Amino acid sequence: MELKKIIKTIEKNRLLLITATFIGLVLGIIFYFLPSKYISSGSFYVSKKTDKSLDFFTYEGYYAQQSAITYADSVITLAKSVDIKKDVLEKMNQPINEKNLRELNKSIKIKKAGPQIISLEIKGRTYELAEETWTKFSESLIKKSEEMNENSDEKLVVTTVSEKPLTRKAYRSPWAFGATGVLAGLALGILVMCGKEYFKNY
């Protein structure tokens, strides 16, 4: 009985559901054609300087590698800190306020890609902005790590794998945007339909 009632309600509101789904599809297509962001990505290598005459398979070589692996976690924590973000905003001559700090934080994606490799991705509205932000972030991270190591272990170093980051336009799938729009529109249509039926009985 309940199933028949549901089917009957859907048939009665099919125009609403079709309209909501179509509007969702249109909005999905509109969002797809909005200007897409750019992504700059690159990697850092964390290492510890050792005597070149030493073999990697000696205790000293093994200890240096383990120290670098452990230090890589500290570098990630440093990269996520407000201190680096503050430096980046200063280098880019932007006001240091909550809004800019939040926007910068949202545009950054940093993770440990390997035992001694750290990857960094930064999004920007333009090609130039994405590349400049990545470069300034890189400079700040390396400089801060060097300053900190002056009072601990100067042999631990952070270097960029490539001189410049790879900057490209972010890929966006039209099918994903269309499907998301359709599902969002359909969900909204069902919500409105349920609301109508609920308030009709009161």
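Heads up: these notes are all about the structure in this document. Going along each chain's sequence as written, the residues are numbered from 1 onward. Local features in this predicted model are restricted to residues of pLDDT 70 or higher, and side-chain atom pairs are both shown and tallied only at a pLDDT of 80 or more, whereas totals for entire chains, interfaces and linings draw on every residue. Just so you know, side-chain values use all the structure's heavy atoms and leave hydrogens and water out.

**Quick look at the side chain of Asn 149**
No. 1: With respect to the helices, strands and loops of the structure, Asn 149 is situated in helix α6 (residues 127–149).
No. 2: At 2.9 Å, the side chain of Asn 149 and the backbone oxygen of Leu 156 are in polar contact.
No. 3: Contacts: residue pairs with any heavy atoms within 4.5 Å of one another. In this structure, Asn 149 is in contact with Tyr 71, Glu 154 and Leu 156, ignoring residues within four places of it in sequence. Only DSSP runs of H or I reaching four residues or more are called helices, and only runs of E reaching two or more are called strands; each is numbered from the N terminus. We define a polar contact as two N or O atoms separated by no more than 3.5 Å, with the added condition that, inside protein, one atom must be a possible hydrogen donor and the other a possible acceptor, whereas residues neighbouring each other in sequence contribute only through side-chain atom pairs.

**Thoughts on the packing of helix α4 (residues 82–91) against α6**
No. 1: Comment: axis = line fitted to C-alpha atoms, over the contacting stretch for helices; angle = value between 0 and 180 degrees taken between N-to-C directions. Contact geometry for α4 and α6: axes closest at 9 Å, N-to-C directions at 130°. Classed by the angle they form, the pair α4 and α6 counts as oblique. The hand of the α4/α6 crossing is right-handed. On α6, the residues that touch Ile 84, Asp 87, Val 88 and Lys 91 of α4 are Thr 133, Lys 136, Phe 137, Glu 139, Ser 140, Leu 141 and Lys 144. Oblique is the label for any angle not covered by the other classes, which are roughly parallel (under 35 degrees), roughly antiparallel (over 145) and roughly perpendicular (65 to 115). Each helix crossing is assigned a hand: it is left-handed if the near helix lies turned anticlockwise from the far helix by less than a right angle, otherwise right-handed if that turn is clockwise.

**Some remarks on helix α5 (residues 98–107)**
No. 1: For every residue, the accessible area obtained with a 1.4 Å probe (protein chains only) is divided by the maximum for its type, and the residue is called buried under 20%, exposed over 50%, and partly exposed between those limits. For α5, the full list of buried residues reads Asn 100, Leu 101, Leu 104 and Ser 107. Down the axis of α5, the sector holding all buried residues measures 130°, keeping them to one side. Summarising the geometry of α5, the exposed residues directed more than 90 degrees from the buried face are Lys 99, Arg 102 and Lys 106.
No. 2: Here the buried face of α5 lies against α4, β2 (108–112), β3 (117–124) and α6. The directions from the helix axis to the C-beta atoms form the arc being described.

**Overview of a negative patch on the surface**
No. 1: To count toward a patch, a residue needs a relative accessible area over 30% and no salt bridge; like charges are then connected within 9 Å, while nonpolar side chains (Val, Leu, Ile, Met, Phe, Trp, Tyr) are connected within 5 Å. In this description, accessible areas are obtained by the Shrake-Rupley approach with a 1.4 Å probe, and a residue is regarded as covered only by the protein chains that are shown. A pairing counts as a salt bridge when a side-chain nitrogen of Lys or Arg comes within 4 Å of a carboxyl oxygen of Asp or Glu. Residues scored as positive are Lys and Arg, those scored as negative are Asp and Glu, and His as well as the terminal groups of each chain are ignored. Charge coordinates come from a single atom per side chain, which is NZ of Lys, CZ of Arg, CG of Asp or CD of Glu. A surface patch of negative charge is lined by Glu 146, Glu 147, Glu 150 and Glu 154.
No. 2: Inspection of the secondary structure puts Glu 147 in helix α6.

Just geometry here; none of it tells us what the structure is for.
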